Amino acid sequence: MSEYKMEKGIPLAWIRRRRPSLKYPFDQMEAGDSFFVPLNAGDELKSLCGRVTHATISATKRLGRKFTLRSGETGVRIWRTE
């Protein structure tokens, strides 16, 4: 016997869509453009790379454009490739 109570007639809740991030200018970029995200004091490069990578993947899906990024000692640079 299941420990979960079966319920009927509960309407499906709406998915609340998040507004696209305006932090990075992905939507303003043309092919060949790039921008640099500097590493702030107290931040780790690995953490910054993770955040920027996630934003880049989201922008790729949302905008249908291609981007690439490279990290350096002082931050991360993102290019629009297509």
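First, a word on what this report is: a plain description of the structure on this page.

## As for the sheet that holds strand S2 (residues 67–71)
Whenever strands of a sheet pair, they do so through backbone hydrogen bonds, lying parallel or antiparallel.
Piece 1. If you walk across this open sheet you meet the three strands as S1-S3-S2, and the pairing is antiparallel. Of all strands in the sheet, those bounded by a partner on one side alone are strand S1 (34–38) and S2. Neighbour-to-neighbour, the strand axes of this sheet turn through a mean angle of 20°, independent of strand direction.
Piece 2. The pairing of S2 with strand S3 (residues 75–80) spans five bridges and is antiparallel. Bridging from a neighbouring strand, serine 71 pairs with valine 76 of S3.
Piece 3. On top of the sheet, helix H1 (residues 45–63) reaches S1, S2 and S3; it is set at about 175° to S2, its chief contact.

## Let's talk about the packing of aromatic side chains
How two aromatic rings sit relative to each other is given by the distance of their centres and the angle of their planes.
Piece 1. Tallied over the entire structure, the rule returns four aromatic pairs.
Piece 2. With 5.9 Å between their ring centres and 20° between their planes, tyrosine 24 and phenylalanine 35 make a pair best called stacked. Separated by eleven residues along the polypeptide, tyrosine 24 in the segment before S1 and phenylalanine 35 in strand S1 bring together distant segments of the chain. Across the pair, phenylalanine 35 and tyrosine 24 agree in class, each one buried.
Piece 3. Measuring from ring centre to ring centre gives 5.6 Å for phenylalanine 26 and phenylalanine 35, while their planes differ by 75°; the resulting arrangement is edge-to-face. The same class applies to phenylalanine 26 and to phenylalanine 35, which are both buried.

Procedures and definitions
Residues numbered from 1 in each chain as written. Predicted model: local features only at pLDDT ≥ 70, side-chain atom pairs only at ≥ 80, totals over all residues. Heavy atoms only, no water. Pairing = 2+ DSSP bridges. Helix = DSSP H or I, 4+ residues; strand = E, 2+ residues; numbered from the N terminus. Axes fitted to C-alpha atoms, helices over the stretch in contact; angles between N-to-C directions. Contact = heavy atoms within 4.5 Å. Phe/Tyr/Trp six-rings, centres within 6.5 Å; stacked < 30°, edge-to-face > 60°. Buried < 20%, exposed > 50% of the residue type's maximum accessible area, 1.4 Å probe, protein only.

Purely geometric stuff here, so don't read any function into it on its own.
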